[in-house]
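# Report on the structure
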Amino acid sequence: TEICVGDLRLDLLSRKASRTGRELALLPREFSILELLARNAGSIVTRSMLLEEVWNFRFDPQTTVVETHMSRLRTKLDGDGQASLLHTVRGQGYCLLAPA
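A brief look at the structure comes next. (Residues numbered from 1 in each chain as written. Predicted model: local features only at pLDDT ≥ 70, side-chain atom pairs only at ≥ 80, totals over all residues. Heavy atoms only, no water.)

### Re the state of the cysteines
Put simply, the rule is: Disulfide: a pair of cysteine sulfur atoms within 2.5 Å of each other.
As enumerated under the stated definition, the model contains 0 disulfides in all. The closest cysteine sulfur to the non-disulfide-bonded Cys4 is located on Cys95, 17 Å from its own sulfur.

What follows is the structure in structure tokens.
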């Protein structure tokens, strides 16, 4: 019922996320994105995977919706000068990695 990646905790039942004890104010779709990334922590999650799993698109609508949501999510995750968890892998997708 809980997924942890470094100091990030996701409570799958209440659909709440926190980092270093600070609750993150996530929208439902942002939580879904973060859950998919956390379930695949350390692996690359492609844009197509995100569109299919989070938006239920079986095609690429040629929109920047993924990039926009990732930018907002990155801002919420990395507040207070914390080390970045969400990484962009150019030309491939996104990866959630706990700082070493």
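Moving on from the model shown.
### Structural notes on helix H1 (residues 28-39)
Operational definition: The secondary structure listing takes helices from DSSP runs of H or I that are at least 4 residues long and strands from runs of E that are at least 2 residues long, numbered from the N terminus. Under the convention used throughout, the expected extent of a helix is 1.5 Å for every residue step, that is, one less than its residue count. Exposure is judged per residue with a 1.4 Å probe applied to protein chains only, and the accessible area is read against the type maximum: over 50% gives exposed, under 20% gives buried, and values in between give partly exposed.
The terminal C-alpha atoms of H1, which comprises 12 residues, lie 16 Å apart, in line with the 16 Å expected from a rise of 1.5 Å per residue. When H1 is considered as a whole, its buried residues turn out to be Glu30, Phe31, Ile33, Leu34, Glu35, Leu36, Leu37 and Ala38.

### Overview of the pairing of strand E5 (residues 86-89)
For clarity, the cut-off: Pairing between two strands is assigned when DSSP locates at least 2 bridges connecting them.
Strand direction decides the pairing type here: E5 and strand E6 (residues 93-96), joined by 4 bridges, are antiparallel. Paired with Val89 across the bridge in E6 is Gly93. Where E5 folds back on E6, the antiparallel hairpin that results is connected by 3 residues, among which Gly91 adopts a positive phi of roughly 75°.

### Regarding the sheet that holds strand E1 (residues 2-5)
Going by this rule: Note on geometry: axes are lines fitted to C-alpha atoms, helical ones only across the stretch in contact, with angles between N-to-C directions running from 0 to 180 degrees. Any two residues whose heavy atoms approach within 4.5 Å are treated as being in contact.
The 4 strands are arranged E1-E2-E3-E4 in an open sheet whose pairing can be described as antiparallel. Since the sheet does not close on itself, it has two edges, and those belong to E1 and strand E4 (22-24), each with one partner. Taking each pair of neighbouring strands and ignoring which way they run, the sheet shows an average axis angle of 25°. Pairing of strand E2 (residues 8-11) with strand E3 (residues 16-19) involves 4 bridges; the strand directions are antiparallel. The residue of E3 that forms the bridge with Arg9 is Ser18. Where H1 meets the sheet, it contacts E1, E2 and E3, and its direction lies at approximately 115° from that of E2. Sheet contacts for helix H3 (residues 65-77): E2, E3 and E4; angle to E4, the most-contacted strand, approximately 170°.

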